[in-house]
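Here is how the chains run, residue by residue.
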Amino acid sequence: MALITSISGIRGTIGGRPGENLTPVDVVNFAAAYGSLLQQQGRSDTIVIGRDARPSGEMVQQLVMHTLSAMGFTLLDLGLSRTPTVEMAVPLSGVAGGIILTASHNPVQWNALKLLNAEGEFISKAEGEKLLEGIRKQNFVFQLVDNLGRIEQGGDFLDRHIQAILALELVEVEAIRKKGFKVAVDPVNSSGAIAVPALLEQLGCETVLINGTPDGQFAHNPEPLPAPLTDICDTVNRVGAQMDIAVVTDVDARGFGTA
């Protein structure tokens with residue numbers, strides 16, 4: 001079991017003792033420190049939040065959202081999402097910052113908070129140091145009942161993200177659509193099961209999903225290394241696909257293969 005706290009976020013295994021693993025106490029402290037950092041910067045309005053499909057994800061998300069709403073923030077809940085989509089949603093919404101709850105390639109017992117600034121980029125070293133100092137000092141201020149924040153549903157940011165990809169000059173959409181590719185996809189039972197097929201559909205591709213239920217029951221190590229990718233390679237051969245795509249739990253890293 002482990003807890004890793006750094007200037008870029010907090011990552012750990014669920015359960016155990018506070019300060020040694022990722023417990024509710026650690027999640028609340030880190031969320032409150034992030035909220036305090038934004039307030040010190042004069043940014044105290046809205047925060048975008050999304051998560052991958054880990055079994056601990058909903059619990060961690062509720063802890064984070066209600067801690068920040070207690071500080072007066074409005075939370076824009078993207079639900080099952082991807083790190084790149086949350087990163088785009090922050091500047092598109094003009095909000096104070098964003099959090100993606102994911103341990104990316106780590107096994108199912110892990111979770112993490114990735115923290116974004118108002119530009120949708122990871123917070124700086126200086127900001128991270130202030131955040132860690134805030135946790136040590138516990139100098140959090142919570143709102144009275146009349147000033148509590150609220151939680152709102154996040155809207156259509158996945159579609160907006162896909163449309164931004166299709167608009168890229170290097171993406172030859174019509175040429176891809178004419179090919180009618182068959183693509184095998186392994187999203188390891190996480191949020192890529194929603195995002196990757198949606199993009200491929202817009203590109204006119206036929207998707208063959210394995211491990212495509214976003215319930216966080218990872219069928220193998222989420223990291224796209226050679227050993228866990230045997231099934232996707234077998235699927236390419238079995239269905240006659242032209243290529244395969246394997247992604248980590250929050251779709252910020254991927255592996256590609258061709259038949």
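Per chain, residues are indexed from 1 in the order of the written sequence. This being a predicted model, a pLDDT of at least 70 is required before a residue's local features are given, and a value of 80 or more before pairs of side-chain atoms are given or counted; all residues contribute to the totals for chains, interfaces and linings. Derived side-chain values reflect all non-hydrogen atoms in the structure, with water molecules and hydrogen atoms excluded from consideration.

Quick look at the overall build of the chain
Inference 1: A tally of regular secondary structure across the chain gives eight helices and eleven strands.
Inference 2: C-alpha atoms define the radius of gyration, and 2.2 Å times the number of residues to the power 0.38 defines the globule rule. What you see for the chain is a C-alpha radius of gyration of 19 Å, in line with the 18 Å of a compact globule of 259 residues.
Inference 3: If you line up the chain on its principal axes, its C-alpha atoms span 60 × 40 × 30 Å.
Inference 4: Within the chain, the proportion of its 259 residues that are buried is 49%. Segments assigned H or I by DSSP are reported as helices when at least four residues long, segments assigned E as strands when at least two residues long, and all are numbered from the N terminus. Categorising residues by exposure relies on relative accessible area from a 1.4 Å probe, with only protein chains included: less than 20% of the type maximum marks a residue as buried, more than 50% marks it as exposed, and the intermediate range marks it as partly exposed.

Side note on the packing of helix α1 (residues 24-40) against helix α2 (residues 57-69)
Inference 1: Two numbers describe how α1 lies on α2: the axes approach to 9 Å, and their chain directions differ by 40 degrees. Considering their axes alone, α1 and α2 lie oblique with respect to each other. Of the two possible hands of crossing, α1 and α2 adopt the one that is right-handed. When α1 is examined against α2, the residues P24, V27, V28, A31, A32 and G35 are found in contact with a partner set consisting of V60, L63, V64, T67 and L68. Comment: axis = line fitted to C-alpha atoms, over the contacting stretch for helices; angle = value between 0 and 180 degrees taken between N-to-C directions. When describing relative orientation, an angle under 35 degrees is termed roughly parallel and one over 145 degrees roughly antiparallel, while 65 to 115 degrees is termed roughly perpendicular and anything else oblique. By convention, the crossing between two helices is left-handed when the near helix turns anticlockwise from the far helix through less than a right angle, and right-handed when the turn is clockwise. Note on contacts: a residue pair qualifies if any of its non-hydrogen atoms lie within 4.5 Å across the two residues.

Let's talk about the pattern of salt bridges
Inference 1: For salt bridges, the criterion is a side-chain nitrogen of Lys or Arg within 4 Å of an Asp or Glu carboxyl oxygen. On inspection of all chains with the given rule, the structure shows six salt bridges.
Inference 2: K137 is the partner of E133 in a salt bridge, and the nearest nitrogen-oxygen pair spans 2.8 Å. Of this pair, E133 and K137 both sit in helix α4 (residues 125-137), four residues apart, which is roughly one turn of the helix.
Inference 3: Residue classification places E133 among the partly exposed positions, given a relative accessible area of 33%.
Inference 4: When its relative accessible area of 55% is taken as the criterion, K137 is described as exposed.
Inference 5: For the salt bridge of R150 with E152, the shortest nitrogen-to-oxygen distance reads 2.7 Å.
Inference 6: Given a relative accessible area of 30%, E152 falls into the partly exposed group.
Inference 7: Through salt bridges with shared partners, a single ionic network connects K114, D250 and D252.

Focus: the sheet that holds strand β6 (residues 110-116)
Inference 1: Pairing within the open sheet is mixed, and its seven strands lie in the order β1-β2-β6-β5-β3-β4-β7. At either margin of the open sheet sits one strand with a lone partner, and together these are β1 (3-6) and β7 (151-153). Pairs of neighbouring strands in the sheet enclose a mean axial angle of 15 degrees, with direction left out of account.
Inference 2: For two strands to be treated as a pair, DSSP must find at least two bridges joining them. Inspection of the sheet shows strand β5 (residues 97-101) paired to β6 by four bridges, in the antiparallel sense. Across the sheet, residue G98 finds its bridge partner in β6, namely L116.

A word on the nonpolar core
Inference 1: Counting 28 residues, the largest nonpolar core has V64, I99, L113 and L131 as its most contacted members.
Inference 2: Of all the elements in the fold, those that place two or more residues in this core are α1, β3 (46-51), α2, β5, β6 and α4.
Inference 3: No other element matches the eight residues that α1 contributes to this core.
Inference 4: Each residue touching V64, except ones within four places of it in the same chain, is listed here: V27, A31, I49, I99, L101 and L113.
Inference 5: Counting residues in hydrophobic clusters, the runner-up holds twelve residues, among them L166, V185, V196 and L203. To define a nonpolar core, start from buried Ala, Val, Leu, Ile, Met, Phe, Trp, Tyr and Cys residues and group those joined through side-chain atoms within 4.5 Å.

Brief notes about the pairing of strand β10 (residues 243-247)
If a strand is regular, its side chains alternate between the two faces of the sheet.
Inference 1: Among the five residues that make up β10, four are buried, leaving the element largely enclosed by the rest of the structure.
Inference 2: Where strand β8 (residues 182-186) meets β10, four bridges bridge the pair, whose relative direction is parallel. Residue pairing for β10: V183 is matched across the bridge by M243.

Looking at the side chain of S104
Inference 1: If you trace the backbone, S104 turns up in the loop between β5 and β6.
Inference 2: The class for S104 is buried, based on a relative accessible area of 7%.
Inference 3: Leave out the neighbours within four places in its chain, and S104 touches R11, D52, R54, K114, P222, V248, T249, D250 and D252.

Notes on unusual backbone geometry
Inference 1: If you check the backbone angles, Q138 has positive phi at about 55 degrees while not being a glycine.
Inference 2: Backbone geometry places N189, a non-glycine residue, at a positive phi of 55 degrees.
Inference 3: Within the element layout of this structure, N189 appears in the loop between β8 and α7 (192-202).
Inference 4: We classify N189 as buried; its relative accessible area is 10%.

A look at the confidence of the model for the chain
Inference 1: Per residue, pLDDT measures the predictor's confidence, with a range of 0 to 100. Residues with a pLDDT of 70 or more make up 95% of the chain, whose mean pLDDT is 91.
Inference 2: Within the chain, strand β11 (residues 254-258) has the poorest average pLDDT of any element, 54, and α2 the best, 97.

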